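Structural overview
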Amino acid sequence: MKIWIDADACPNPIKEILYRVANRKSIIITLVANQWLTIPTSPFIKRLQVVNGFDEADNKIIELVEKNDLVITSDIPLASDVLHKGAFVLTPRGEPFTLETIKERLVMRDFMETMRASGIQSKGPSAFSNKDREKFANQLDKLVRELSKEG
């Protein structure tokens, strides 16, 4: 199992949790971004810088992800693509996406995009909180335990 991080939008507290898990569990994590990232020195933590462009990081993750890998992202279309490749998805807020829930999320995302395009204002997500960080850490621990048993 490898962990792929859609790093451009991933909050720093989540990256810190992932760094600790990588070292503690000897799991390779790769941060994929279109900018240079500073990462800790570790044989388990890697970075992959892609060219600057729309969905370049997403496309690279889709290309490289394998069955039973874990992807950390809030990007719903990316989540859908990697789920269909047999990978698992967890948002930085600790919400797992599944094949059973992703279609509904895509429909809601498209609906909200249409509403915004027609001038209707909507609130964005709430500020990232300690509760979000805790939920992420708990869900990550659970997923890593489950996937380690399978591997």
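As for the pattern of salt bridges
Any two side chains of opposite charge can pair, given that their charged atoms come close. Within this structure, the stated rule accounts for 3 salt bridges. In this structure, glutamate 63 and lysine 60 form a salt bridge, with 3.4 Å as the shortest nitrogen-oxygen distance. Within this pair, glutamate 63 and its partner lysine 60 are both found in helix α2 (residues 56-64), separated by 3 residues, close to a single helical turn. Classification of lysine 60 by relative accessible area gives partly exposed; the value is 27%. Notably, a salt bridge pairs arginine 145 with aspartate 141, separated by 2.6 Å at the nearest N-O pair. With arginine 145 and aspartate 141 both in helix α5 (residues 130-150) and 4 residues apart, this pair spans about one turn of that helix.

Quick notes on the environment of glycine 94
Mapped onto the elements of the fold, glycine 94 is located in the loop between β5 (88-90) and β6 (96-97). Sequence spacing of glycine 94 and arginine 24 is 70 residues, and the spatial spacing of their C-alpha atoms is 20 Å. Here glycine 94 is in contact with Lys135, Phe136 and Gln139, once residues within four sequence places are set aside.

Description of the sheet that holds strand β4 (residues 70-72)
Reading across from one edge, β3-β2-β1-β4-β5-β6 is the order of the 6 strands in this open sheet, with mixed pairing throughout. Two strands in the sheet have a free side with no partner beyond their single neighbour: β3 (45-49) and β6. Contacts between helix α1 (residues 12-25) and the sheet are confined to β1 (2-6), β2 (28-33), β3 and β4, with β2 contributing the most and set at about 150° to the helix.

So, how was this worked out
- Residues numbered from 1 in each chain as written.
- Predicted model: local features only at pLDDT ≥ 70, side-chain atom pairs only at ≥ 80, totals over all residues.
- Heavy atoms only, no water.
- Salt bridge = Lys/Arg side-chain N within 4 Å of Asp/Glu carboxyl O.
- Helix = DSSP H or I, 4+ residues; strand = E, 2+ residues; numbered from the N terminus.
- Buried < 20%, exposed > 50% of the residue type's maximum accessible area, 1.4 Å probe, protein only.
- Contact = heavy atoms within 4.5 Å.
- Pairing = 2+ DSSP bridges.
- Axes fitted to C-alpha atoms, helices over the stretch in contact; angles between N-to-C directions.

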